[in-house]
Amino acid sequence: GTQRPRILRRKNPMVAAFLSLIITGAGQIYLGKIARGVVYLGVVLLISITLEGILTFEEMMLLGIATSIISAWDAYSLAKEMNE
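Residues numbered from 1 in each chain as written. Predicted model: local features only at pLDDT ≥ 70, side-chain atom pairs only at ≥ 80, totals over all residues. Heavy atoms only, no water.

Asks: Hey, could you run me through the overall build of the protein in this one?
Replies: When helices and strands are tallied, the protein shows four helices and zero strands. For the protein, the α and β elements follow one another from N to C terminus as α-α-α-α. Here the C-alpha radius of gyration of the protein, 16 Å, is well above what a compact globule of 84 residues would show, namely 12 Å. C-alpha atoms of the protein, sized along the principal axes, occupy 60 × 25 × 15 Å. Taken over 84 residues, the protein has a buried fraction of 26%. For the protein, the computed accessible surface area is about 6,400 Å², with 67% contributed by carbon and sulfur atoms. Taken together, the 8 basic and 6 acidic charged side chains of the protein have centroids lying 23 Å from each other. (Helix = DSSP H or I, 4+ residues; strand = E, 2+ residues; numbered from the N terminus. Rg over C-alpha atoms; globule rule 2.2 N^0.38 Å. Buried < 20%, exposed > 50% of the residue type's maximum accessible area, 1.4 Å probe, protein only. Areas by Shrake-Rupley, 256 points an atom, 1.4 Å probe, with all protein chains shown as cover. Lys, Arg positive; Asp, Glu negative; His and termini not counted. Charge placed at Lys NZ, Arg CZ, Asp CG, Glu CD.)

What follows is the structure in structure tokens.
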């Protein structure tokens with residue numbers, strides 16, 4: 001037989017970005033890019049484990065926020081690209 005065409009579901013870029021702001025990497029997971037999302041989350045965990053005791057709490061928070069913003073931007077861009 002004939003194969004049915006695969007229907008691609010559009011993903012909302014704003015939802016992807018918001019999820020990554022709440023939990024780093026969650027936007028990528030929402031988009032089906034699980035490994036990519038786990039890498040983002042792993043980076044945050046690695047930073048916090050590796051630099052604990054070296055950086056102040058405020059510096060750690062800034063690094064975490066920066067990583068979340070980068071993850072959100074990546075998720076937003078990826079969703080836009082996937083929808084094209």
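Asks: Explain helix H3 (residues 34-51) to me, please; I cannot follow it from the model alone.
Replies: Residue pairs spaced three or four apart in an α-helix point in one direction, given the helix's 3.6 residues per turn. In a regular helix each residue adds 1.5 Å, so 18 residues correspond to 26 Å; H3 covers 26 Å between its end C-alpha atoms and thus fits that length. Trailing H3 by a residue or two, Gly 53 shows a phi angle of about 90°, which is positive. (Expected span 1.5 Å × (residues − 1).)

Asks: How should the pattern of salt bridges be read in this particular structure?
Replies: Working definition: two side chains of opposite charge can pair if their charged atoms are close together. What the rule picks out here adds up to one salt bridge. The shortest N-O distance in the salt bridge between Arg 36 and Asp 74 comes to 2.7 Å. One end of the pair, Arg 36, is in helix H3; the other, Asp 74, is in helix H4 (residues 57-83), and 38 residues separate them in sequence. Using a relative accessible area of 37% as the deciding quantity, one classes Arg 36 as partly exposed. By relative accessible area, Asp 74 is classed as buried at 8%. (Salt bridge = Lys/Arg side-chain N within 4 Å of Asp/Glu carboxyl O.)

Asks: Which parts of the structure should I look at to understand the environment of Gln 28?
Replies: Within the fold, Gln 28 resides in helix H2 (residues 26-30). For the pair Gln 28 and Ala 17, spaced eleven residues apart in sequence, the C-alpha separation works out to 8.7 Å. Apart from the residues lying within four places of it in its own chain, the contact partners of Gln 28 are Ser 20, Lys 33, Ile 34, Arg 36, Gly 37, Tyr 40, Ser 71, Asp 74 and Ala 75. (Contact = heavy atoms within 4.5 Å.)

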